[in-house]
Amino acid sequence: MAGNTGGGSSRGPLILVIVAVGALIAGIVGVLAILIAGGDDSTPTLTEASSTVAPTSTAPVSTTSTVVETTTSTEAPSPPSSDVSISISELSRAVVQLVTFDASGNSLWTGSGTIVESDGLILTNAHVVEQEPGNPYETLGVLISPDPASPPELQYLATVVSFEPELDLAVVSITADEDGAPIELDDLPTIPIGDSDEVELGDDIQVLGYPGIGGQTITFTRGSVSGFNAQAGVGNRAWIKTDATITGGNSGGAAINSDGELIGVPTLAAAGDVDEVTDCRFVQDTNGDNVIDSRDNCTPIGGFINGVRPINLAEETIENGRDGIVVEPTVTPPASVDVSNATLSNLTFSSGVDDDEPVDDVDLLPAGEDRVCAFWEYEGMTDGVLWDALWAVDGVQSEVGSIIGETWVGGEEGSWWVCFIAGEVGLAAGAYDLSVWIEGDEGISGNVVVGDQPRVDLLVENQTDDTICYLLLSPSSSLIWGGDDLGDDEVIVAGESTAVSVPAGDYDVQALTCDLDVVTELYEFDASQSTTIILEP
């Protein structure tokens, strides 16, 4: 954001070190947690144990669920547009409930899946079919509803044939009837696969699945596409954000466009903490223990943005499933989370990404651009830990732009990036903050300005008795101080000055010593034109 002309001794760059595992930001928008719906006594018991055994793994994904406004019905509503050539009732026949059974035939937990091939190939989430240490399942059952008003019935058993934990996607194949006898199928109903790259902001999106809170029948919810996320390791569209309800058991189901095509897999729902949902009330005995408590699925209160994994990211997973090779769904998070030595550094902003590299280095973007991207370097990271990239615009946290509750898959060191995508609507003018958090601790933060204002030159005079090693100039509407505006090896010794260039606006100013002690602070400094900032004790 700035250059400088000040003299004095050199010093190293400002690097924020992650020192402990702690609570997430107080008062921020909740963390998205991967959903696994708990088992339900209303789910059928496998009466005859089968020799069909699902592959095992070493650990489950953490489970927390919360949702936004729910629409539950025993009769699926009519499609939202006359353009839908297949009714929602017809599409619902291709959405199944997946139930895990232990060796005694008792149900453990449930999820949803979508039949994508008429021979019994089913797309779902990886966390729906992975094993839980200490509570492993023996058999994976497929329940199909004869009509939207009737509970699903156990009809088949399945085996995992493709497993991609990095994307939380999996494919299972029906291999036997409910008694374990081998079976071959070719006439199951399917949902046609669409193109998630053609999904636009504001498009209708419809979700079908079997959430625990929705009773025993299939549940239909409807919403709009609220935004998109892009990130390293996944691609330009890592998530489709939506206000359509996604809740426990819904994950793995079908996200459908107005043409009746499968455009994604409902995967994420908004939550407040790793072990606590936000704005969710326990009002129904969903696990059948005759007690309404935190062990039940909850009813959402309020509006939160949920995540759908785009169907285009599932192409390889589905293709691997077509090969019919049984796989072992192994997810092995670290035995203990240790990020005490992790460092994130060199946060920069860009107008785009080309081959995982920034296309430019900016601190000011014109309003109306379709995205703003952030890049940083890291060391000492551990795959499996949870991380968040939290965007805010003029001090307001953005549920749509933020990536929340992701599992780190970037390895120990390297560079990473995320993008806030506005699409055709374009970025609104304002100060855009990004804070990257690892296991509840802030690792690095910075801000970039979007707007059409000119740049101004500021002369910063140090009239204190201390040497200034770090100078933070943050738009007054930002939530964070952001990065250092001095060069990596520059300081402002007492009595000297430096020049910086910033987008015109109001700024908060903080000056620190090399030991990170605050020397002075100024608030709402008018930098609408070139002027001088005087740092006084």
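About the criteria used
Residues numbered from 1 in each chain as written. Predicted model: local features only at pLDDT ≥ 70, side-chain atom pairs only at ≥ 80, totals over all residues. Heavy atoms only, no water. Helix = DSSP H or I, 4+ residues; strand = E, 2+ residues; numbered from the N terminus. Buried < 20%, exposed > 50% of the residue type's maximum accessible area, 1.4 Å probe, protein only. Contact = heavy atoms within 4.5 Å. Areas by Shrake-Rupley, 256 points an atom, 1.4 Å probe, with all protein chains shown as cover. Patch = residues over 30% accessible without salt bridge, like charges linked within 9 Å, V, L, I, M, F, W, Y side chains within 5 Å. Salt bridge = Lys/Arg side-chain N within 4 Å of Asp/Glu carboxyl O. Lys, Arg positive; Asp, Glu negative; His and termini not counted. Charge placed at Lys NZ, Arg CZ, Asp CG, Glu CD. Phe/Tyr/Trp six-rings, centres within 6.5 Å; stacked < 30°, edge-to-face > 60°. Lys NZ or Arg CZ within 6 Å of the ring centre and 35° of its normal. pLDDT = per-residue confidence, 0-100. Arc of directions from axis to C-beta. Disulfide = S-S within 2.5 Å.

Undergrad: Honestly, the overall build of the chain in this entry has me stumped. Any pointers?
TA: Looking only at helices and strands, the chain features 3 helices and 34 strands. Looking at the chain as a whole, 54% of its 537 residues are labelled buried. The contacts of the chain with a sequence gap of at least 6 include a subset with a gap of at least 24, amounting to 72%. Summing over all exposed atoms, the chain offers an accessible surface of approximately 21000 Å²; the carbon and sulfur share of this is 44%.

Undergrad: Please clarify how a negative patch on the surface should be interpreted in this entry.
TA: Side chains of Asp 195, Asp 197, Glu 198, Glu 200, Glu 315 and Glu 424 sit close together on the surface and give a patch of like negative charge. Assignment of secondary structure puts Glu 315 in helix H3 (residues 315-322). Note on Glu 315: relative accessible area 53%, which makes it exposed.

Undergrad: So what exactly am I meant to see when it comes to the packing of aromatic side chains here?
TA: Given two aromatic rings, one states the distance between the centres and the angle between the planes to describe the pair. Taken as a whole, this structure holds 11 aromatic pairs when the rule is applied. When the ring of Phe 375 is compared with that of Trp 417, the centres are 6.4 Å apart and the planes differ by 35 degrees; the resulting orientation is tilted. Residue Phe 375 is found in strand S22 (residues 371-379), and its partner Trp 417 is found in strand S26 (residues 414-421); the two are separated by 42 residues along the sequence. Neither residue differs from the other here; Phe 375 and Trp 417 are each classed as buried. Its guanidinium or amino end placed over the ring of Trp 239, Arg 309 lies 3.7 Å from that ring's centre, counting from NZ or CZ.

Undergrad: Is there a simple way to explain the environment of Gly 223 in this structure?
TA: You can see Gly 223 is positioned in strand S11 (residues 219-231). Judged by relative accessible area, which is 12%, Gly 223 ranks as buried. Sequence spacing of Gly 223 and Asp 204 is 19 residues, and the spatial spacing of their C-alpha atoms is 6.0 Å.

Undergrad: Mind showing me how you'd approach unusual backbone geometry here?
TA: Excluding glycine, residues mostly carry a negative phi; peptide bonds, for their part, are mostly trans. The phi dihedral of Asn 346 falls on the positive side, at around 55 degrees, and the residue is not glycine. Structurally, Asn 346 can be placed in strand S18 (residues 343-350). Here the phi dihedral of Glu 439 falls at roughly 50 degrees; this positive angle occurs in a residue that is not glycine.

Undergrad: Can you walk me through the confidence of the model for the chain in this structure?
TA: The predicted model of the chain has a mean per-residue pLDDT of 79, with 74% of residues at 70 or higher. Note on residues 47-85: pLDDT under 50 across the span, and 126 contacts to partners over four residues away in sequence or across chains. In the model, residues 271-285 has pLDDT below 50 throughout and makes 57 contacts with residues more than four positions away in sequence or in other chains.

Undergrad: Can you walk me through H3 in this structure?
TA: Because each turn of an α-helix spans 3.6 residues, side chains separated by three or four positions in sequence point in the same direction. What H3 keeps buried is the set Thr 317, Ile 318 and Gly 321. Angular distribution of buried residues about the axis of H3 spans 95 degrees; they occupy a single face of the element. Turned more than 90 degrees away from the buried face of H3, the exposed residues are Glu 315 and Glu 316. At its buried positions, H3 is contacted by strand S5 (107-117), strand S6 (121-124), strand S8 (153-164) and strand S9 (169-177).

Undergrad: Would you mind going over the state of the cysteines with me for this structure?
TA: Every disulfide links exactly two cysteines, by a covalent bond between their sulfur atoms. For the structure on display, the rule yields 2 disulfides. The partner cysteine of Cys 373 in its disulfide is Cys 419, sulfur to sulfur 2.0 Å. Here the S-S torsion is close to 100 degrees, and the disulfide linking Cys 373 with Cys 419 is therefore right-handed. One end of the pair, Cys 373, is in strand S22; the other, Cys 419, is in strand S26, and 46 residues separate them in sequence. In this structure Cys 373 comes out as buried when scored by relative accessible area, which is 0%. Here Cys 469 connects covalently by a disulfide to Cys 514, the sulfurs 1.6 Å from one another. In this pair, Cys 469 is assigned in the loop between strand S29 (455-462) and strand S30 (470-475) and Cys 514 in the loop between strand S32 (505-512) and strand S33 (518-527), connecting sequence segments 45 residues apart. Residue classification places Cys 469 among the buried residues on the basis of a relative accessible area of 0%.

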